[in-house]
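# Secondary and tertiary structure notes
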Amino acid sequence: MGQSTSMKILLINTPRSPYNAILKNAPEEARRFIHKKLIGPPLGLLTLAASVKDFDVTVFDTKAEYDLYPDTPPLRQLVWKLLEKYQPDIVGTTVITSEFPYGLEILQTTKKYNPHILTLIGGLHATLCIDDFTDPSIDIVFRGHAAKDFRQLVIAKENNEVLDNIPGAYFNKGAMLVPPKVPSLYSNPAVDDFIMPDRSHVEPWRNAYYVGNAPYPSTYMFTSLGCPYKCTFCSVWKEHEGKYYQRNINSIIEELKCINYKIVRFADANTVVDIKFMHDLFDRIKLEGIQKEYIMDIRADIAVNNPGLIEKFAKGGLKIVICGFESFREDELRKYNKSYGAGLIEKAINIFHDNGIMLRGNYVIPNDYSKDDFKALSDYASSHKVNYAGYTILTPMPGTVLYQEKKDEIIDHNYLKYNFFNSVLKTKLPIDEFYNEVGKLWLIKKGTDVI
Ligand code: B12
C-alpha cells in the first residue's frame, strides 16, 4: 500500500459555515437547544482516498480539526501549513453549497503556494451548479460520484500523460469550462462502482465525531444513493437525476463488519425505500451477530405503513430516527411535493415511541410566516410528544425546484448562508423578529446536534 509511487495527493475537507442567524437571534434560553454543528466524516473524500490507495494520499478534515482544536489558525494559514508539510502534487476538495466559498479558499491558497499543484474540486454543488466553477484557482471539476475518473487522472498524472482525455473531467480554461471529451466511468456508484470509504484516514479526528450527547463517536455510512421522492426543496434527487441506487446486502454487511464505530448514522436520503430489502438486511444483521446502534432517516408514511419493520429495527439496534415532518399543514406539504398528508405525523410518532425509538421531527419554516403562522406551528408542535424537534429555514438551494421557483426573490447570494440557518429570501416579518420566532420554536422540544 502507498508510498511506492511518487504522486502525492492531499484531500482537504472544507470547514463549516459560521453563519447561523437562528442561533444569533434566538432567546438566550433557547440557544443551548439549537444545534451549532453537525459533524461526520467526509465520506466523499474517504471514497476518493480509497480509490487511489496505492498512492501517497492524505485526507485532512478541517471541520473536525477546528472542533477539536479551536486555536487552529484560519483556513488560509492552515492550508499553507498543510502544503508545506505534505508537498502535494494534487490537491482536491469537496463542496456543498454553503461550503463552496471555502473550497475556493483552499484552492486559491494552493495556487498561491505553488501554481504547479493540480487543483481539483467536486461534490454536490459541483454536480448541480457546474457553471459556478470558473475561479482561476480551479484546474479540474468533477461531477457526480467520480472516484473512478479521479483514479484515471492520478494515474495519467503519475505517468506524465496529457490529461485531456480523463473521463468526466471539466477543464477550467481561463474562466471557461471545457466539458469532458470522454464520459465519466461511473454508472452505478452504489453497486458495480461502489468503493468503500477508507475511514482510517480520519482516525486522528475520531474524538470529534460525537453526535449530541452520545457516549461514543459515530460514523456515517450510506446504504443507498439518491431518492425516489421529489420534494421541491431537496438537492438529493436532483443530484442523482431522480435515480435511486440501493447497495446490496453483502456489501453493506461487509462495511458494517469493518466499521470500528459503535454508532452508525445511515447517510441515506431515506433509509427505507424497499421494504423487503430492509427486512432482509436486518435479518442478516441479526444472523451475523452485528451489534451496533443505528440512526436512520425514515419517512412518516413508511413508519405508519410498516409497523412490523420498525419493531424489527428497534430490536436490531435502531435508536434514533430523523423524520422530516416539514410542515403540519396539508397545503404546505403539497407545495413541497412531500407526497403524504399531515395526519400521518401523529401516527408515526406513536409507532416510534411504542418501540422506544427516539424521534427527531424536523420542520422547515417558510420566509412568509406571520406571527399567526408561528403561533399555529408552535401550538401544533407543543401538542405532540416528539423527543426532539428541529426548526430550520426553507432555503432555495441552487439546483433545486424551489430555487427555480424563487430565484427572482432571493435577496442574499452569499453561499455561506445556504445552510438552512439563514433566510436568503425576504421575510414577511421584520428579519430579526422572524429569526427570534424561529429560535423560540426550539424551546418547545429539546434540540440536539442530531439531524
Ligand atoms: C454525510 C453528510 C454530511 C456530513 C459530512 C459532510 C462533509 N464533507 O464534511 C456532515 C455531518 C458534516 C454534514 C453537514 C452538513 N450538511 Co450534509 N449531508 C450529508 C449526507 C447525509 C450524505 C452525503 C454523503 O456522504 N454522500 C455520500 C458521498 C460518498 O458522496 P459525496 O460526498 O457527494 O462524494 C462523492 C461525489 O460527490 C464525488 N466527489 C465529492 N467531492 C469530490 C472531490 C473531487 C476532487 C472528486 C474528483 C470527486 C468528488 O465523489 C464522491 C465519491 O463518490 C447528505 C444527504 C444525502 N443523503 O446525500 C447531506 C447534505 C449533503 N448536507 C447538506 C447540508 C445542507 C449540510 C449542512 C450545511 C447543514 C445541515 N443542516 O445539514 C451541514 C454543514 C455543517 C454544519 N452547519 O454543521 C445538504 C446539502 C444541500 C446543498 N445543496 O448544499 C444535503 C444534501 C442534505 C439535504 N438533503 O439537503 N453533512
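Keep in mind the model is a prediction, meaning the values are calculated, not measured. (Residues numbered from 1 in each chain as written. Predicted model: local features only at pLDDT ≥ 70, side-chain atom pairs only at ≥ 80, totals over all residues. Heavy atoms only, no water.)

In the structure shown here, the tally under the stated rule is 28 salt bridges. The residue glutamate 433 makes a salt bridge to lysine 371 at a minimum N-O spacing of 3.3 Å. Separated by 62 residues along the polypeptide, glutamate 433 in helix H18 (residues 431-441) and lysine 371 in helix H16 (residues 371-383) bring together distant segments of the chain. One salt bridge in this structure joins lysine 417 and aspartate 412, with 2.8 Å as the shortest N-O distance. Linked by salt bridges that have partners in common, Lys371, Glu433, Glu437 and Lys440 make up one network. (Salt bridge = Lys/Arg side-chain N within 4 Å of Asp/Glu carboxyl O. Helix = DSSP H or I, 4+ residues; strand = E, 2+ residues; numbered from the N terminus.)

Right, let's talk about the sheet that holds strand E15 (residues 388-393) for a bit. The 6 strands are arranged E8-E11-E12-E13-E14-E15 in an open sheet whose pairing can be described as parallel. This sheet does not close on itself; its edge strands, each paired only once, are strand E8 (218-221) and E15. Here the strands of the sheet are splayed against their neighbours by 20° on average, with no regard to which way each runs. Summarising the sheet, strand E11 (residues 263-266) and strand E12 (residues 293-297) pair through 3 bridges and their orientation is parallel. Residue valine 264 lies in a different strand from E12, and its bridge partner there is tyrosine 294. Taken strand by strand, H18 contacts strand E14 (358-365) and E15, and its axis lies near 165° from that of E15. (Pairing = 2+ DSSP bridges. Axes fitted to C-alpha atoms, helices over the stretch in contact; angles between N-to-C directions. Contact = heavy atoms within 4.5 Å.)

Its domain assignment divides the chain into domain 1 (8-178) and domain 2 (210-441). For domain 1 versus domain 2, the separation of C-alpha centres amounts to 26 Å. Listed per partner, the contact involves 28 residues of domain 1 and 34 residues of domain 2. Between domain 1 and domain 2, roughly 2500 Å² of surface is buried when both sides are summed, and carbon and sulfur atoms account for 68% of that area. Among the residues of domain 1 in contact with domain 2, Tyr19, Ile22 and Leu128 are the three that bury the most area, contributing 24% of the side total. Across the domain 1-domain 2 interface, the total number found is 0 salt bridges. Viewed at the interface, domain 2 and domain 1 are joined by 9 residue pairs in polar contact (both at pLDDT 80 or more). Of all the secondary structure elements, the ones that give two or more residues to the side of domain 1 that touches domain 2 are helix H1 (21-25), helix H6 (100-113) and helix H7 (124-128). Here the side of domain 1 that touches domain 2 gets 4 residues from one element, more than from any other, and that element is H7. Looking at the side of domain 1 that touches domain 2, its residues break down into 16 nonpolar, 10 polar and 2 charged. (Domains from an automatic or database assignment. Buried area = accessible area lost by both parts, 1.4 Å probe. Polar contact = N/O pair within 3.5 Å; in protein donor to acceptor, adjacent residues only side chain to side chain. Nonpolar A, V, L, I, M, F, W, Y, C, P; charged D, E, K, R; others polar.)

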